[in-house]
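# Architecture at a glance
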Amino acid sequence: GIVVGAPLLANVPVASLVGVMLMVCYSTFDWSSIRKLTKIPVLDAAIIVVVSWVTVQKDLAIAVLLGMILSALGFAYQQSMALTATTSVAGDSQVVAIKGPVFFGSARTLKCLEG
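The text that follows walks through the structure, step by step, so that each part is easy to find. The structure presented is a predicted model; accordingly, all values stated were derived computationally and were not measured. (Residues numbered from 1 in each chain as written. Predicted model: local features only at pLDDT ≥ 70, side-chain atom pairs only at ≥ 80, totals over all residues. Heavy atoms only, no water.)

### Quick look at the overall build of the protein chain
To keep it simple, the criterion reads: In this description a helix means any DSSP run of H or I spanning at least four residues, a strand means any run of E spanning at least two, and both kinds are numbered starting from the N terminus. We take the radius of gyration over the C-alpha atoms and set the globule estimate at 2.2 Å times the residue count to the 0.38 power. Partly exposed residues are those whose accessible area sits between 20% and 50% of the maximum for their type, while under 20% is buried and over 50% is exposed, using a 1.4 Å probe and protein chains only. We call two residues in contact when some of their heavy atoms are within 4.5 Å. Areas reported here follow the Shrake-Rupley algorithm with a probe of radius 1.4 Å; residue values treat only the protein chains shown as occluding. Counting rule applied: Lys, Arg positive; Asp, Glu negative; His and chain ends not counted. We put the charge of a Lys on NZ, of an Arg on CZ, of an Asp on CG and of a Glu on CD.
Assigned secondary structure in the protein chain consists of six helices and two strands. When the helices and strands of the protein chain are placed in sequence order, the string is α-α-α-α-α-β-β-α. Over its C-alpha atoms the protein chain spans a radius of gyration of 25 Å, topping by over 25% the 13 Å that the globule rule assigns to 115 residues. Within the protein chain, the proportion of its 115 residues that are buried is 10%. Taking all contacts inside the protein chain whose residues are at least 6 apart in sequence as the whole, residues at least 24 apart take part in 25%. With an accessible surface of roughly 9200 Å², the protein chain has 71% of that area assigned to carbon and sulfur atoms. When the 7 positive and 5 negative side-chain charges of the protein chain are each reduced to one mean point, those points stand 9 Å apart.

This is how it looks when you write it as structure tokens:
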């Protein structure tokens, strides 16, 4: 197919190939996804916008790597906010009840319990 037609494709102007590529992008894009940006969490919408921008400006591989890093940091932040801890005194002991995920992002919440 394409290998046989390579000599013919060499005569096609690049500008027309760009036009074909833009029409393919336009027809395959899910335009309803733009309306969904208002219904998803703000952090997720921001990551989508940043990754899309970096894809256009730089490179898809860089955008995917950046998206993974931003998503991981956002997840760690959200999980660190999901931790609740309550303290009570039972005799001579202080009892701490922890509810939620405990990991390195939870250190700030647990540090407040020191006393």
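The discussion continues.
### Examining the packing of aromatic side chains
Here is the rule: Here the aromatic set is Phe, Tyr and Trp, taking the six-membered ring for Trp, and pairing holds for ring centres within 6.5 Å; pairs whose planes are under 30 degrees apart are stacked, those over 60 apart are edge-to-face, and all others are tilted.
Inspection of every chain in the model, using the stated rule, returns two aromatic pairs. With a centroid separation of 5.4 Å and an interplanar angle of 55°, the aromatic rings of Y26 and W31 are classed as tilted. Under the relative-accessibility criterion, Y26 is labelled exposed at 53%. Judged by relative accessible area, which is 45%, W31 ranks as partly exposed. One aromatic cluster in this structure is built from Y26, F29 and W31.

### Digging into a nonpolar patch on the surface
Quick reminder of the rule: The patches reported here contain residues having more than 30% relative accessible area and no salt bridge. Joining distances are 9 Å for like charges and 5 Å for nonpolar side chains (Val, Leu, Ile, Met, Phe, Trp, Tyr). Whenever Lys or Arg places a side-chain nitrogen within 4 Å of a carboxyl oxygen from Asp or Glu, that contact is recorded as a salt bridge.
Together, M23, Y26, F29, W31 and I34 make up a nonpolar patch on the protein surface, roughly 570 Å² of accessible area in all. Within the secondary structure, I34 is located in helix α3 (residues 32–36). Residue I34 is classed as partly exposed on the basis of its relative accessible area, which comes to 45%.

### Thoughts on helix α5 (residues 60–81)
This is how it is decided: Take the residue count of a helix, subtract one, and multiply by 1.5 Å to get its expected span.
For α5, with 22 residues, the first-to-last C-alpha span of 31 Å sits near the 32 Å given by 1.5 Å per residue. Of the positions making up α5, those classed as buried are A63, G67, G74, A76 and S80. Looking at the buried positions of α5, the neighbouring elements they touch are α4 (42–57) and α6 (107–111).

### Considerations on the pairing of strand β1 (residues 84–90)
If a strand is regular, its side chains alternate between the two faces of the sheet. Put simply, the test is: When DSSP finds two or more bridges between a pair of strands, those strands are recorded as paired.
Sheet analysis places β1 next to strand β2 (residues 93–99), joined by seven bridges and oriented antiparallel. For S88, the partnering residue across the bridge sits in β2 and is V95. Between β1 and β2, which pair antiparallel in sequence order, lie two residues; one of them, G91, sits at a positive phi of approximately 70°.

### Observations regarding α4
Taking 1.5 Å per residue, 16 residues should reach 22 Å; α4 reaches 22 Å between its end C-alpha atoms and fits that length. Turning to α4, its buried residues number three or more, namely A45, I47 and V54. Those residues of α4 that are buried are in contact with α5.

### Points about the environment of S27
For the record, the criterion: Any pair of N or O atoms that falls within 3.5 Å is considered a polar contact. Within protein, one atom must be able to donate a hydrogen and the other to accept it, and sequence-neighbouring residues count only if both atoms are side-chain atoms.
Turning to its location among the elements, S27 is positioned in helix α2 (residues 14–28). The class of S27 is exposed, set by a relative accessible area of 57%. Polar contacts involving the side chain of S27 include one to the main-chain carbonyl oxygen of V24, which spans 3.1 Å.

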